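Overview (structure and organization)
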Amino acid sequence: MGAGIIPGQGEGTRRRRRGRAKAAPMSEINVTPFVDVMLVLLIIFMVAAPLLTVGVPVELPKTAAGALPTDQEEPLTITITAEGAVQIQTTDTARNELVPKLRAIAAERTTDQIFLRADGAVPYAQVMEVMGALNAGGFANIGLVTDIGGPTLDGQGQ
């Protein structure tokens, strides 16, 4: 931060004393550079935060279910798009290659938890086929991902 020296009191601006003038340390702190750095960091985080989510656009069905607890390991996500394409994280995968890839992934992971995201327009039969493949691939702890704010089915509305 900026610290400077204030010339001794009582000195004129035109005349200088012979010898060294006594200088007192400046007691004010310049916070302008600190504020500038903080604003730059704020802008960086505001721009970067939306990019940290999984980037597969699907229209998730809405439910009243609560969130699942997460582990230390990054969760593995399988997505079924509205067109019926299956993706592991963000990589397109053919349905006949799904089980071998899942077995290879399960061998490297410490947990058998996996999240399944399916577009609301995907038929139930296709979702169940993928769930069967997940189970055959070694993942028994399957979490279905939905959006919040759906009907509660208890007569109290949304």
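Look a little higher up for the structure.
Reading the values: the criteria
Counting restarts for each chain: residues are numbered from 1 in the order of the written sequence. Per-residue local features are limited, in this predicted model, to residues with pLDDT of at least 70; the limit for side-chain atom pairs, both in listing and counting, is 80 or more; totals at the level of whole chains, interfaces and linings are taken over all residues. Only hydrogens and water are removed before side-chain values are computed, so all heavy atoms of the structure are retained for them. A run of DSSP states H or I qualifies as a helix once it reaches four residues; a run of E qualifies as a strand once it reaches two. Both are numbered from the N-terminal end. Only protein chains enter the accessibility calculation, which uses a 1.4 Å probe; a residue is then buried when its area is under 20% of its type maximum, exposed when over 50%, and partly exposed in between. Working rule for contacts: check all heavy atoms of both residues, and any pair within 4.5 Å makes them a contact. Here the accessible surface of atoms and residues is derived via Shrake-Rupley with a 1.4 Å probe, and residues count as covered only by protein chains that are part of the display. We call a set of buried residues a nonpolar core when its members are Ala, Val, Leu, Ile, Met, Phe, Trp, Tyr or Cys and they connect through side-chain atoms within 4.5 Å of each other. Any two strands are treated as partners once DSSP identifies two or more bridges connecting them. In this analysis, axes come from line fits to C-alpha atoms, helices being fitted only over the stretch in contact, and the angle between any two N-to-C directions falls in the range 0 to 180 degrees. Here, a salt bridge means any side-chain nitrogen of Lys or Arg that lies within 4 Å of a carboxyl oxygen of Asp or Glu.

**Overview of the overall build of the protein chain**
Of regular secondary structure, the protein chain possesses three helices and nine strands. When the helices and strands of the protein chain are placed in sequence order, the string is β-β-α-β-β-β-β-α-β-α-β-β. Here the protein chain holds 158 residues, and 22% of them are scored as buried. For the protein chain, long-range pairs separated by at least 24 residues make up 68% of all intrachain contacts whose partners lie at least 6 apart in sequence. Of the roughly 11900 Å² of accessible surface on the protein chain, 58% is carried by carbon and sulfur atoms.

**Observations concerning the nonpolar core**
Counting residues in each nonpolar core, the largest one holds 16 residues, and the members touching the most others are I78, L102 and V130. Elements that contribute at least two residues to this core include exactly β4 (76-80), β5 (86-88), α2 (95-108), β7 (113-118) and α3 (124-136). Per-element tally for this core: the top contributor is α3, with four residues. Apart from the residues lying within four places of it in its own chain, the contact partners of I78 are V86, Q87, I88, L102, I114, F115, L116, R117, V130 and L134.

**Structural notes on the sheet that holds β5**
Strand order across the open sheet formed by five strands is β6-β5-β4-β7-β8, with mixed pairing between neighbours. Each edge of the sheet is formed by a strand with only one pairing partner; in this case those strands are β6 (91-93) and β8 (141-145). Across this sheet, the average inter-strand angle for adjacent strands is 30°, counted without regard to direction. In terms of strand pairing, β5 meets β6 through three bridges, oriented antiparallel.

**Topic: the pattern of salt bridges**
Considering all chains together, one arrives at two salt bridges under this definition. Across the pair K101 and E97 runs a salt bridge whose closest N-O atoms are separated by 3.8 Å. Residue K101 and its partner E97 are both found in helix α2; the two are separated by four residues, about one turn of the helix.

**Brief notes about the environment of L76**
Summarising the element assignment, L76 is placed in strand β4. Overall, the relative accessible area of 6% leaves L76 in the buried class. C-alpha separation for the pair L76 and T111, spaced 35 residues apart in sequence, amounts to 9.8 Å.

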